[in-house]
Amino acid sequence: VAPEVVKTTMYVTDAVGETGLAVRSKPMSDEKEPPRIAKGSEVQATEIQGDWVKLSGTDNTGKSVEGWSAQKLGEAVYLSTTKPVAPTAPAAPEKK
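Per chain, residue numbering runs from 1 following the sequence as it is written. Since the coordinates come from a predicted model, pLDDT governs what is reported: local features require at least 70, and pairs of side-chain atoms require 80 or more to be given and counted, while whole-chain, interface and lining totals use all residues. To get the side-chain values, all heavy atoms of the structure are used, and hydrogens and water are removed first.

A. Region of the structure containing the pairing of strand β4 (residues 42-49). Any two strands with at least two DSSP-identified bridges between them are counted as paired. Runs of H or I in DSSP of at least four residues are treated as helices and runs of E of at least two as strands, each being numbered from the N terminus. Examined bridge by bridge, strand β1 (residues 4-12) and β4 share six bridges and lie antiparallel to one another. Residue pairing across strands places Thr9 opposite Gln44, the latter belonging to β4. In this sheet, strand β5 (residues 52-58) lies alongside β4 in antiparallel orientation, the contact comprising five bridges. Each residue of the ladder has a partner; that of Ala45, found in β5, is Leu55. Taking the residues that link successive antiparallel strands as the turn, the β4-β5 hairpin has two residues, and the phi of Gly50 there is positive, at about 65°.

What follows is the structure in structure tokens.
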């Protein structure tokens, strides 16, 4: 599949779990310890090739990274163009 060139902001979804989104040097899942980007993070997507997205962002250690990540796997969607909504605190009970 030929890559599609894009320039768009995407967000790492909660589907990645606590370890974050793996960023790989090429669109394959064979690297043992890839850098990871935390859920909720904003990334810049530059190419899409099938279910793989070439992106740049900041990893869990604060280092800038660039590489490939799976956009989805089965039903789990790891990258979205929709910005996540921050959870809101429950309203305080009314005082009487």
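Let us keep going from here.
B. Up close: the sheet that holds β5. Pairing is antiparallel in the open sheet, where five strands are placed in the order β6-β5-β4-β1-β9. Among the strands making up the open sheet, the edge pair consists of β6 (64-70) and β9 (79-80).

C. Region of interest: the pattern of salt bridges. The term salt bridge refers to a side-chain nitrogen of Lys or Arg lying within 4 Å of a carboxyl oxygen of Asp or Glu. By the definition in use, this model includes one salt bridge. Between Glu18 and Lys39 there is a salt bridge, and its shortest N-O distance comes to 2.9 Å. You can see Glu18 sitting in the loop between β1 and β2 (21-22) and its partner Lys39 sitting in the loop between β3 (36-37) and β4, a full 21 residues away along the chain.

D. Structural context of the layout of surface pockets. Here a cavity is any set of points on a 1 Å grid over the protein atoms alone where a 1.4 Å probe fits but cannot get out, and a pocket is any open set with protein on both sides within 12 Å along at least 5 of 7 lines; a residue lines the site when it has an atom within 4 Å of a point. Grid points are joined across faces, edges and corners, and a volume is the space filled by probe spheres set on the points. As a volume, the largest pocket reaches approximately 210 Å³. If you go around the largest pocket, you meet 13 residues; those closest to its centre are Leu21, Ala22, Arg24, Ala70 and Tyr78. Counted by class, the lining of the largest pocket contains seven nonpolar, three polar and three charged residues. Throughout this entry, Asp, Glu, Lys and Arg are counted as charged residues, while Ala, Val, Leu, Ile, Met, Phe, Trp, Tyr, Cys and Pro are counted as nonpolar. The remaining residues, Gly among them, count as polar.

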